[in-house]
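Inside the fold
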Amino acid sequence: MRNGQTSEATGWLDSSRHTCGVKSCTDEVLLDLEKKHPPASPISSKYVHSDPPADHQPVTFQGITGESIYKCGLNIKGSGGPSGFDASGVSRILCAKKFKQSSTALCDALSLVAQKLATTEVHGDFLAIFCSSRLIPLEKTDGGTRPIGIGEVFRRIVVKAIIFSQRVAIKVAANCVQLAAGQSGGCEAAIHSLSDRFEEVDCEGALLLDASNAFNRLNRGLALHSVDRLCPILAQLFNNLYGAPSPLYVGNQVLMSEEGATQGCPSAMAMYSIGILPLISLADLEDVLQVWYADDGNAAGTISGLHEWYEIITTHGPAFGYHINPDKCVLIAKEHHLEKAQELFGETGVQITTAGARHLGAAIGSTEFKTTFVTNKVSEWVSCLENLVTVAKTHPHLAYSNYVRSLKMKWSYL
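Report follows, based on the coordinates.

So, how was this worked out
Residues numbered from 1 in each chain as written. Predicted model: local features only at pLDDT ≥ 70, side-chain atom pairs only at ≥ 80, totals over all residues. Heavy atoms only, no water. Helix = DSSP H or I, 4+ residues; strand = E, 2+ residues; numbered from the N terminus. Rg over C-alpha atoms; globule rule 2.2 N^0.38 Å. Buried < 20%, exposed > 50% of the residue type's maximum accessible area, 1.4 Å probe, protein only. Contact = heavy atoms within 4.5 Å. Areas by Shrake-Rupley, 256 points an atom, 1.4 Å probe, with all protein chains shown as cover. Pairing = 2+ DSSP bridges. Axes fitted to C-alpha atoms, helices over the stretch in contact; angles between N-to-C directions. Salt bridge = Lys/Arg side-chain N within 4 Å of Asp/Glu carboxyl O. Disulfide = S-S within 2.5 Å. Core = buried A, V, L, I, M, F, W, Y, C linked by side-chain atoms within 4.5 Å. 1 Å grid on protein atoms, 1.4 Å probe; cavity = no way out; pocket = protein on both sides within 12 Å on 5 of 7 lines; lining within 4 Å. Points joined across faces, edges and corners; volume = space filled by probe spheres on them.

What follows concerns the overall build of the protein chain. In terms of regular secondary structure, the protein chain is built from 18 helices and 11 strands. Against the compact-globule benchmark of 22 Å for 414 residues, the protein chain has a radius of gyration of 23 Å, which places it among compact chains. In terms of overall dimensions, the protein chain has C-alpha extents of about 70 × 65 × 45 Å along its principal axes. In the protein chain, buried positions account for 45% of the 414 residues. Contacts spanning at least 24 positions in sequence make up 71% of the contacts within the protein chain whose residues lie at least 6 apart. For the protein chain, the accessible area works out to roughly 20,700 Å², and carbon and sulfur atoms hold 53% of it.

For the rest of this paragraph, the subject is the environment of Y272. Here Y272 is to be found in helix α13 (residues 268-275). The class of Y272 is buried, set by a relative accessible area of 1%. Linking Y272 and G260, residues 12 residues apart in sequence, is a C-alpha distance of 8.0 Å. The residues touching Y272, leaving out its near neighbours within four places in the chain, are A214, F215, L218, A294, D295 and Y322.

Spatial strand order, β6-β7-β3-β8-β9: five strands in an open sheet with mixed pairing. Of all strands in the sheet, those bounded by a partner on one side alone are β6 (288-293) and β9 (351-353). For this sheet, the mean inter-axis angle between neighbouring strands, taken without regard to orientation, is 15°. Sheet analysis places strand β8 (residues 330-333) next to β9, joined by three bridges and oriented parallel. Across the sheet, the residue bridging to I332 is T353, located in β9. Helix α9 (residues 186-199) contacts β3 (205-208), β6, β7 (296-301) and β8 of the sheet and is inclined by roughly 160° relative to β6.

For the coordinates displayed, the defined rule picks out four salt bridges. Between K370 and E199 there is a salt bridge, with its nearest N and O atoms 3.1 Å apart. You can see K370 sitting in helix α17 (residues 367-392) and its partner E199 sitting in helix α9, a full 171 residues away along the chain. Assessed through its relative accessible area of 44%, E199 is described here as partly exposed. We note a salt bridge from K377 to E380, for which the minimum N-O separation is 3.9 Å. Of this pair, K377 and E380 both sit in helix α17, three residues apart, roughly one helical turn. On the basis of relative accessible area, E380 is assigned to the partly exposed category, the value being 29%. Several salt bridges share partner residues, and in doing so they unite R197, E200 and D202 into one network.

This next bit is on the state of the cysteines. Under the counting rule described, the total for this entry stands at zero disulfides. C176 carries a free sulfur, and the closest cysteine sulfur to it, the one in C187, is 16 Å from it. Judged by its relative accessible area of 60%, C176 falls in the exposed class. Here C231 stays free of any disulfide, with the sulfur of C265 as its closest cysteine sulfur at 15 Å. With a relative accessible area of 2%, C231 lands in the buried category.

Judged by nonpolar contacts, the single largest core of 79 residues is most densely connected at I162, L234, W309 and Y322. Those residues within four positions of W309 in sequence are excluded, and the remaining contacts are L207, L209, A283, L285, V288, Q290, W292, G297, N298 and A299. F198, L208, I332 and I364 belong to the second-largest nonpolar core, a separate cluster that totals 17 residues.

On to the layout of surface pockets. By volume, the largest pocket amounts to about 1,700 Å³. If you trace the largest pocket, you find 45 residues lining it, with T141, R146, R358, L360 and G361 closest to the centre. Secondary-structure elements contributing two or more residues to the lining of the largest pocket are α1 (6-11), β2 (145-151), α10 (214-217), β7, β10 (356-359), α17 and α18 (396-410). Counting residues per element, the lining of the largest pocket draws most heavily on α17, which supplies six residues.

Shape is all these values report; function is a separate question.
Now the structure itself:
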């Protein structure tokens, strides 16, 4: 709490929490990381459009000023990249008053870097160090590995300022189809829209997809083409950041990132959200409502419609780097449509249930499943609050701050 890590402190209040942490860089982990960063995939010409990109005005990036960099630097958090210079150190030299005009001059210089990066083609050799990252193998709850790239703090600040300046353009490109593009309450909207459709009388089921290593397997070339067509104002930025392989430092080894968008980069979510839009358009069916939040593709409708939707994603998805993991996909079928669901999805490997499943931190399915889910969730909250009361006996101010800034907020999301 004293370091400003409120969410992390709240996590420790949950006695049922499974702490995973960072994996040791063993030979097995390094091999897994290499597999999760595949070489660049070819671009299929059938998905490339010859339409010229829409006109855009690079002059809009002149709105990125030293003040923009200052605000991003003030709120930046996290550890350092390959150089080891962490966010607190960078934030101090950018925002501390003791450095006077030097801090202001550095913010102004970084704003010019941002404008240059967003409007001018820069050769990949000159950006290799700027785009490099320290690769961290986080352990998943199922024992798997989640690679997280920690880039240099200056790069994170510069890219964050650019993305923030074009946040409206990103939302317009994603529209209401991809809800991870910065829309306010996007996750809640995804939950409620799918749940409401599932509750309708004519809805026969809902299908929740899971993709294997989605961010790192995104077809980078095709994604850059999609950005050029759908959000041309950011095309130059993404070409500079992802146009050439970038080094990933892990242990004593260096991996090259040739595909996908590295999780941890401020531009990764925008890159992925826009890059996957053509696939979402291909899977647009009349009798199926599809809801996407980043790589979480979900749909509700008739069983036959869901099967057609699944086949489209399975057929066209690999060209975009979207590889479905059937073992983790769940089809929630209503009782009187279970036989039809088993007939159509029986050989796909998709889990079929009539109870329900977890969806973006909420529950979708039968009343009994949702009641059990809510009961368990409330029990966790009660346990957290009891632990916080224990902490309050010795650290009342820290406990109150955690309650107001973090724990209480969790109760509004279910």
